[in-house]
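Spelled out from the first residue to the last, the chains are:
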Amino acid sequence: MLRRTLLRTGGLTAGAALTGSLWQGAACVSARGTGHYGPLRAPDANGVALPEGFTSRIVARTGRRVGGTLWHAAPDGGACFPDGAGWIYVSNSEIPLLGGASAIRFGAGGEILGAYRILSGTDLNCAGGRTPWNTWLSCEETLRGRVFECDPYGERAAMPRLAMGRFKHEAAACDPDRQVVYLTEDERDGCFYRFRPDVWGDLTAGRLEVLCGDGGGGKGGGGGAITGPVTWERVPNPAAPLKATRHQVGAALHFSGGEGCHYDGGVCFFTTKGDNRVWAYDAENGRLEIAYDAASPLTGVDNITGTPAGDLYVAEDGGNMEINLITPDRLVSPFLRVDGHAGSEITGPAFSPDGRRLYFSSQRGARGDSAGTDGVTYEVTGPFRG
């Protein structure tokens with residue numbers, strides 16, 4: 001997998017973190033408008049600046065009907081699922097008490113066939129993750145948040161998976177090779193977890209573990225990065241009402257605001273907003289390294305997704321409202337920018353199953369109101385490399 005190449009061509013598996021002049025240099029090159037797809041053109045009619053050959057359309061707006069359903073406020077994490085000749089895009093709603101998630105069904109030509117709710121009555125559903133068995137893990141970003149397993153096809157009721165822990169959940173990423181689910185935590189001293197179900201494909205019971213330094217605890221972000229060999233320790237009580245999950249294991253590594261999470265090819269990438277880093281956990285070799293640590297062009301790291309070509313697409317929470325591309329040869333460049341939405345953030349990047357369309361949202365839209373009543377969900381098509 002080319003994701004491994006991203007690590008190994010930079011010497012990460014030898015223990016050298018991609019920081020300092022190496023990654024600052026990559027950022028400077030891409031800031032001059034190079035990058036795989038070339039420079040961004042002027043914003044289109046939807047206010048989206050894209051490289052040559054790419055186009056955008058708006059598929060949903062908060063409070064307006066799409067496929068017969070009112071689209072939710074504050075659209076956040078998302079994923080795509082195959083649906084016969086078409087596909088489904090699922091999106092969370094990051095609002096208090098009424099959060100949940102909705103889905104849009106697309107036909108083979110990209111036409112919208114319908115939309116519907118797949119989760120209701122939950123709290124601040126932020127990010128999540130897609131499972132190999134085609135369910136959506138919707139995560140609550142609250143103090144004792146839960147993970148809900150949802151049916152994107154709308155046929156089965158969503159169910160809480162309490163064995164995955166009660167904490168400020170952000171994102172999830174499944175590792176079918178080791179049969180675990182990685183989980184990020186959006187706290188200033190949050191942890192990075194993995195859930196090992198008793199039976200792969202059934203998340204009702206299992207073991208929650210936290211990432212620890214090899215031989216001692218420390219900070220994964222902020223006050224001095226821990227890189228190199230890491231281990232996992234079991235969380236004694238994932239549902240403890242009094243002692244926070246992240247404080248139950250003394251050797252646990254702590255990260256400055258865990259955000260997006262994406263797994264492929266033996267590597268789990270996750271982002272931390274407090275220090276603007278993209279981390280790489282090399283699951284095959286049990287090592288933690290830094291894949292991006294620079295001030296530009298990528299600012300306000302958040303949701304993250306990827307392609308079979310090994311490219312990472314990282315959305316910005318703030319910054320200048322971009323999705324940045326990180327290639328396996330370590331080039332970082334803006335792929336798109338939404339103009340006129342300065343008070344918003346980019347959320348929910350996800351590719352259709354054929355890799356030809358990218359979906360994402362501007363969570364608070366042009367008005368930038370905290371309730372997310374002006375959210376906009378987009379689709380981008382173009383010559384994405386496979």
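What counts and what doesn't
- Residues numbered from 1 in each chain as written.
- Predicted model: local features only at pLDDT ≥ 70, side-chain atom pairs only at ≥ 80, totals over all residues.
- Heavy atoms only, no water.
- Helix = DSSP H or I, 4+ residues; strand = E, 2+ residues; numbered from the N terminus.
- Areas by Shrake-Rupley, 256 points an atom, 1.4 Å probe, with all protein chains shown as cover.
- Salt bridge = Lys/Arg side-chain N within 4 Å of Asp/Glu carboxyl O.
- Buried < 20%, exposed > 50% of the residue type's maximum accessible area, 1.4 Å probe, protein only.
- Pairing = 2+ DSSP bridges.
- Axes fitted to C-alpha atoms, helices over the stretch in contact; angles between N-to-C directions.
- Contact = heavy atoms within 4.5 Å.
- pLDDT = per-residue confidence, 0-100.
- Phe/Tyr/Trp six-rings, centres within 6.5 Å; stacked < 30°, edge-to-face > 60°.
- Core = buried A, V, L, I, M, F, W, Y, C linked by side-chain atoms within 4.5 Å.
- Polar contact = N/O pair within 3.5 Å; in protein donor to acceptor, adjacent residues only side chain to side chain.

Q: Just to check I follow, could you spell out the overall build of the protein chain for this structure?
A: From N to C terminus, the protein chain includes 2 helices and 30 strands. Entry remark: accessible area of the protein chain is about 13800 Å², with carbon and sulfur atoms responsible for 50%.

Q: Teacher, can you tell me more about the pattern of salt bridges here?
A: Pairs can form between side chains of opposite charge once their charged atoms are near each other. All chains considered together, the criterion is met by 23 salt bridges. Residue E322 is joined to R337 by a salt bridge in which the shortest nitrogen-to-oxygen separation is 3.9 Å. Linking E322 in strand β26 (residues 322-326) with R337 in strand β27 (residues 332-338), this pair joins segments that are 15 residues apart in sequence. For R337, a relative accessible area of 23% corresponds to the partly exposed category.

Q: Help me understand the sheet that holds strand β15 (residues 192-199), please; the structure alone is not making it clear to me.
A: Within a sheet, adjacent strands bond to each other through the backbone by hydrogen bonds, running parallel or antiparallel. With respect to topology, 9 strands assemble into an open sheet ordered β13-β14-β15-β16-β18-β23-β22-β21-β20, the strand pairing being antiparallel. With one partner strand each, in any of the chains shown, β13 (169-175) and β20 (258-264) form the two edges of the open sheet. Strand-to-strand, the axes of this sheet are offset by a mean angle of 35°, without reference to chain direction. Where β15 meets strand β16 (residues 202-213), 6 bridges bridge the pair, whose relative direction is antiparallel. Considered in β16, the bridge of R196 is made with R207.

Q: Teacher, can you tell me more about the sheet that holds strand β6 (residues 86-93) here?
A: If you walk across this open sheet you meet the 4 strands as β5-β6-β7-β8, and the pairing is antiparallel. Among the strands making up the open sheet, the edge pair consists of β5 (75-83) and β8 (112-119). For this sheet, the mean angle separating the axes of adjacent strands, direction not counted, is 20°.

Q: How should the environment of F54 be read in this particular structure?
A: Mapped onto the fold, F54 is located in the loop between β1 (48-49) and β2 (55-61). Look at F54 and you get buried, because its relative accessible area is 1%. Between the C-alpha atom of F54 and that of G382, which follows or precedes it by 328 residues, the distance is 4.3 Å. Apart from residues lying up to four places away in sequence, F54 is in contact with Y37, R41, F335, V380, T381, G382, P383 and F384.

Q: Even after reading the chapter, I still don't get the confidence of the model for the protein chain, so can you show me in this structure?
A: Caution is warranted with low-pLDDT regions, since their predicted coordinates should not be read in detail. Per-residue pLDDT for the protein chain averages 90, and the proportion of residues at 70 or more is 88%. Under a pLDDT of 50 for its full length, residues 1-33 has, in the predicted model, 85 contacts with residues more than four places off or in other chains.

Q: Looking at this structure, how should I read the packing of aromatic side chains?
A: For any pair of aromatic rings, the description consists of the separation of the ring centres together with the inter-plane angle of the planes. Tallied over the entire structure, the rule returns 26 aromatic pairs. Pairing F54 with F335 gives two aromatic rings, centres 5.1 Å apart and planes at 90°, and the pair type is edge-to-face. With F54 in the loop between β1 and β2 and F335 in strand β27, the pair connects residues that are 281 residues apart, well separated along the chain. Residue classification places F335 among the buried positions, given a relative accessible area of 1%. Taking 5.2 Å as the distance between ring centres and 25° as the angle between the ring planes, the aromatic pair formed by Y89 and Y359 counts as stacked. One end of the pair, Y89, is in strand β6; the other, Y359, is in strand β29 (residues 357-362), and 270 residues separate them in sequence. Each of the two residues, Y89 as well as Y359, counts as buried.

Q: Explain the nonpolar core to me, please; I cannot follow it from the model alone.
A: In summary, soluble globular proteins display a tendency toward joint burial of nonpolar side chains. With 21 residues, the main nonpolar core has M164, V181, L183, Y193, F195 and V210 as its most contacted residues. Secondary structure elements with two or more residues in this core: β10 (136-140), β13, β14 (180-185), β15 and β16. Among the elements that line this core, the one with the most residues is β16, at 4 residues. When residues no more than four places from it in sequence are discounted, the contact partners of L183 are M164, F167, H169, A171, A172, C191, F192, Y193, F195 and L208.

Q: What exactly am I supposed to notice about the pairing of β13 here?
A: Looking along a regular strand, one sees side chains alternate from face to face of the sheet. Among the 7 residues of β13, 7 are classified as buried, and the element is accordingly described as predominantly covered. Across 5 bridges, the pairing between β13 and β14 is antiparallel. From the neighbouring strand, C174 faces β14, where its bridge partner is V181. Linking β13 to β14, which pair antiparallel, is a turn of 4 residues; within it Q179 sits at a positive phi near 55°.

Q: How should I be thinking about the environment of W133 in this particular structure?
A: Here W133 shows up in the loop between β9 (125-130) and β10. When its relative accessible area of 25% is taken as the criterion, W133 is described as partly exposed. C-alpha of W133 to C-alpha of W200: the two residues are 67 residues apart in sequence and 9.8 Å apart in space. Apart from the residues lying within four places of it in its own chain, the contact partners of W133 are E149, W200, G201 and L203. Separated by 3.2 Å, the side chains of W133 and T135 make a polar contact.

Q: How should the pairing of β5 be read in this particular structure?
A: In terms of burial, β5 is largely enclosed, as 7 of its 9 residues are buried. Of the strand pairs in this sheet, β5 and β6 are connected by 7 bridges, and their pairing is antiparallel. Paired with A79 across the two strands is V90, which belongs to β6. Connecting the antiparallel pair β5 and β6 is a turn made up of 2 residues, with G84 showing a positive phi of about 60°.

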